[in-house]
Every structure is written in C-alpha cells, then in structure tokens.
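One-letter residues, chain by chain:
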Amino acid sequence: MSIASKTKHGPLQGIRIVDLTAVIMGPYAMQVMADFGAEVIKIESPEGDIMRHVGKNGDRAMGPIHLTLNRGKRHVALDLKKPEARDVLAKIIGSADAFVHAMRPKAIERLGLDYASVKKIKGDIVYCGAYGYTADGPYGDEPAYDDLIQELCGIADIASQLAGEPRFFPTVIADKVCGLTLAYALLAALLHKQRTGEGQQIEVPMFETMVQFLMVEHLGDCTFGRNEEIGYARVLSQLRKPHRTTDGYVCALPYNDKNWRDFFRIVDRADLAADPRFSSQSARSKNYEVLYSLLGEILATQPTGYWLEKLRPASIPVAPVLGLKALLDDPHLNAVNLFQTVRHPSEGQITAIRSPIAFSATPAGMGKPAGVIGADTLDVLQGFGYSSSDIDALVAKGAVMVE
C-alpha cells in the first residue's frame, strides 16, 4: 500500500511527510525537508494553495512564490470536506512518518485530524501543528498571519524607533523564521522516533516563536529585572545604517577591538584610538551614537571603492549596498551556482534557488519543479491501490482532483 519514493538525494531519504500546510510558513519548512530528500506529499484543496495565485502566472495558479516554495513535492488535490477525501488522506497518513498542518486547533479538530485522531491511524506518527499561538493560551484559536505576528511580537514597534511610525519588516520574516523553526523541530522529533520508535505531538506557535527570536538581543538589561532597560542599543541606533560615501553607500562595520584600532589607524585618527569611550566593547556599547556619527562623517569623505580597498585587507567587515536584482549577477552567488535555470513542464525556463546547505555524503537537491494543482493525485492514488474506476468515482463525487 506504500508508494515507492522517487527521491534520490539528501539525508532524509526514506522519510515520508504528509503536508497539510499553505501560504509560506509551512511550505517553506516542507521545502527544506524535500530538498533534504524527504518525500513530501502536499495536500491541497481543488482551489490550490493561495500563494499559487500571487504574481505573474498567478491566474494559472503557477505564480512565482509557489514555484519557489513547492518544488520537489508531490501535489495531491483533495476536498477534505468530503468523507471520501478524508478516507484517501487516512490511507496516505497510514504510510507516513510525519503529518504537518497549519490550521487553527479547532479547525483541524473539526476535520477529524487532531493528534488523537491521526495517532489512531498511525500510532508512531510525528504530528506537528504550526499556527498562530499556543493552543491552550488565551489567543489559542485566533487567526494569525505574518503582518499580525510582526505587530504583536514587537517588530513593528521597534521599526517606529527608526521610521517614526510602526512599520512591518519588508519581508515575511515571521513566516520564514517560524518555517525554519518548524523544520528543525520536525527534524528533532524524527530523530527521536528513529532512536526510540516513539512518535509525538509538536506545536510551533508563531507568536511565541517570534517573541523568543526577537528577544535574543532585545530582552537586554530586563534580563536582570522588569524595571531595567529593554532593547539592544547598537541595533536601535538611528545611525546603524549603510553610510553615504562620495559616490554612493557602503556598509563598514569595525566590530571588535582590533577592527576599531585598525580603522582609526587607516583613517589617521590616533586621537580616537586613544579615546577611552571607544577603547573596549563595553565602553563602545555606551557610546554608539557618538561612535556611529563619527564613522559616518569619516566614510563620507571618500568613494565606496576606496573603503573596500582600504578596509578589506585589514579584515574589517565592509561591503557595498546591493539591490535585489544585483544579487542575480553577484559573482560569488554565480560561482557557487545558487541561482539555477531549470525547465518547467508547463512554465518553460524558470530561475530556481538551490538549497544553500552542503552535505558531503548526502547532498541536497531541488527535485522536480512545483506542479499544477493535483499534478500527482493519480500517481499517488494508484500507488495506494486505487483502481481507475475507484479514482473515477472519487473524481465524480468531487472528493479528489486529478490533473
């Protein structure tokens, strides 16, 4: 009743994951798992994951975010409102190592796919729910999206200290951080299962995950008491930014004591090297505004190329400001083949981004390009013993969609 895995790469070969996630957080985590060799069976409604419909070719449900996040997966379209579709899903779960969803706790329970129900299907399942808030907390069944979580966890408020009003970070940082958190939590549980044979339930709440992520540095002196100062002064400085040069901008970051001594030597400022305000990390941490103001004044006296030439040989971190389009032509990224051109069966040539992780024995791979809605429904159902007439009956009832 199992499907032979077609995956031929990565350290997770032989692992099967049922993926009931959508948008970005879950699909990003499952892309990591697929790149690492797991067989990921992505379950979608007949309408498809909403991110299929964003951007160019979104009218064909083949938008760029879908193509980036859902490669290497098997696409099965089921209408889980229909009991026949839930029966199909139960068969797939029965062969899986893990089940991952991103629905609110009450919604997944209404579908009969809560942990207790899924465990009855597969007793050693690793079951992971990734949603907005810890289920048994006051916000437990509230909806959550990246913008809401950025607002709640403090990111938008921190931005107001720099922009003068609350702002969202210009990327879906909550979705992606929580997606990576989901991936490592799932890997840990799969390792435990491999060692002991025991499955378990995992909960990855976005709100708590992002608060923990943000507070790594910003808990600050509140570590020692609630009445102390909160925040990491260096990254909250208005002057922590790329600095203007005579012909553009540069990011120059003397960081440790040696970097600053070398920088002051290069710019012939022995007076600053001797200044006790800048002589140690502890002293600098109390004088970031003054220090970064001086740094900006000095960098403004020369062109960007001058600073790259002078600071790099001294191992002082320095880089030009690159736009997103420029990354496509970056010599380092091209030398390591991060961006790869692949041929998609329906979309033609597309640019794909390989996994940046290198394994010497079990290299990651991209697998096949992301498919259309229901691209693998027929293949998967046949692998579980469904006959052509069985599948035709399911299609006629609207329980499954076959491409």
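Residues numbered from 1 in each chain as written. Predicted model: local features only at pLDDT ≥ 70, side-chain atom pairs only at ≥ 80, totals over all residues. Heavy atoms only, no water.

Draft legend 1. Inspection of the nonpolar core at higher detail. One finds Ile17, Met30, Met33, Ile149, Leu186, Ile202 and Met210 to be the most contacted residues of the largest nonpolar core, which totals 39 residues. Looking at this core, the elements that each hand over two or more residues are α1 (25-35), β4 (98-101), β5 (126-131), α6 (146-153), α7 (155-163), α8 (173-196), β6 (200-205) and α9 (206-218). In terms of residue count, the dominant contributor to this core is α8 (ten residues). By size, the runner-up hydrophobic cluster in this structure holds 29 residues, among which are Ile43, Leu89, Phe99 and Val118. (Core = buried A, V, L, I, M, F, W, Y, C linked by side-chain atoms within 4.5 Å. Buried < 20%, exposed > 50% of the residue type's maximum accessible area, 1.4 Å probe, protein only. Helix = DSSP H or I, 4+ residues; strand = E, 2+ residues; numbered from the N terminus.)

Draft legend 2. Spatial organisation of the packing of aromatic side chains. Scanning the model with the defined rule gives 13 aromatic pairs in all. Where Trp260 meets Phe263, the ring centres are 6.0 Å apart and the plane angle is 85°; that geometry is what we call edge-to-face. Of this pair, Trp260 and Phe263 both sit in helix α11 (residues 257-266), separated by three residues, roughly a single helical turn. The residues Trp260 and Phe263 share a single accessibility class, namely buried. Three or more aromatic residues joined by ring pairs form one cluster here, namely Trp260, Phe263, Phe264, Phe278, Tyr306 and Trp307. Positioned above the aromatic ring of Tyr386, the side-chain terminus of Lys91 is 4.5 Å from the ring centre. (Phe/Tyr/Trp six-rings, centres within 6.5 Å; stacked < 30°, edge-to-face > 60°. Lys NZ or Arg CZ within 6 Å of the ring centre and 35° of its normal.)

Draft legend 3. View of the pairing of β4. Of the two faces of β4, the one lined by Ala98 and Val100 and the one lined by Phe99 and His101 are each fully buried. When strand β1 (residues 16-20) meets β4, the two strands line up parallel, connected through four bridges. Looking at the pairing, Ile17 lines up with Ala98 of β4. Bridge count between β4 and β5: four bridges; the pairing is parallel. Note that in β5 the partner of Ala98 across the bridge is Val126. (Pairing = 2+ DSSP bridges.)

Draft legend 4. Broad picture of the sheet that holds strand β8 (residues 249-252). The sheet built from three strands is open, its strands ordered β7-β8-β9 with antiparallel pairing. Every interior strand has two partners, whereas the edge strands, β7 (243-244) and β9 (318-320), have only one. Bridge count between β8 and β9: three bridges; the pairing is antiparallel. Bridge pairing in β9 links Val250 to Pro320.

Draft legend 5. Looking closely at the pairing of β1. Of all five residues in β1, five are buried, a share of seventy percent or more. Here β1 shows no split at all, with Arg16, Val18 and Leu20 on one side and Ile17 and Asp19 on the other all buried. When β1 meets strand β2 (residues 39-44), the two strands line up parallel, connected through four bridges. Residue pairing for β2: Asp19 is matched across the bridge by Lys42. A crossover links β1 with its parallel partner β2, the connecting element being α1, and its sense is right-handed. (Right-handed = clockwise from strand over helix to strand, strands pointing away.)

Draft legend 6. Fine view of the pattern of salt bridges. Inspection of the entire model under this criterion finds 19 salt bridges. Here Asp35 and Arg71 are joined by a salt bridge, their closest N and O atoms 2.7 Å apart. Of this pair, Asp35 sits in helix α1 while Arg71 sits in the loop between α2 (64-69) and β3 (73-78), and the two are 36 residues apart along the sequence. The buried category is assigned to Asp35, whose relative accessible area is 3%. For Arg284, the salt bridge is made with Asp257, and the minimal N-O distance between the two is 2.8 Å. Pair noted here: Arg284 is in helix α13 (residues 281-285) and Asp257 is in helix α11, with a separation of 27 residues, a long-range link. Connected via shared salt-bridge partners are Arg16, Glu39, Arg74 and Asp379. (Salt bridge = Lys/Arg side-chain N within 4 Å of Asp/Glu carboxyl O.)

Draft legend 7. The arrangement of the environment of Leu162 in detail. Looking at the secondary structure, you find Leu162 in helix α7. Along the sequence, Leu162 and Ala135 sit 27 residues apart, while their C-alpha atoms lie 34 Å from each other. Setting aside its immediate chain neighbours within four residues, Leu162 contacts Leu236, Ser237 and Gln238. (Contact = heavy atoms within 4.5 Å.)

Draft legend 8. How the structure looks around the confidence of the model for the protein. A residue-level look at the protein finds 98% of positions with pLDDT of 70 or above and a mean pLDDT of 96. A low-confidence stretch, residues 1-7 stays under pLDDT 50, and its non-local contacts, those more than four residues away or across chains, total 20 contacts. (pLDDT = per-residue confidence, 0-100.)

Draft legend 9. Spatial organisation of unusual backbone geometry. Backbone geometry at Asn57 places phi at a positive 70°, although glycine is not the residue there. For Asn57, the location among the structural elements is in the loop between β2 and α2. Even without glycine at this site, Asn337 takes up a positive phi of about 60°. Take Asn337: it is sitting in the loop between α17 (331-335) and β10 (339-344). Taking the relative accessible area as the measure of exposure, Asn337 reaches 45% and is therefore partly exposed.

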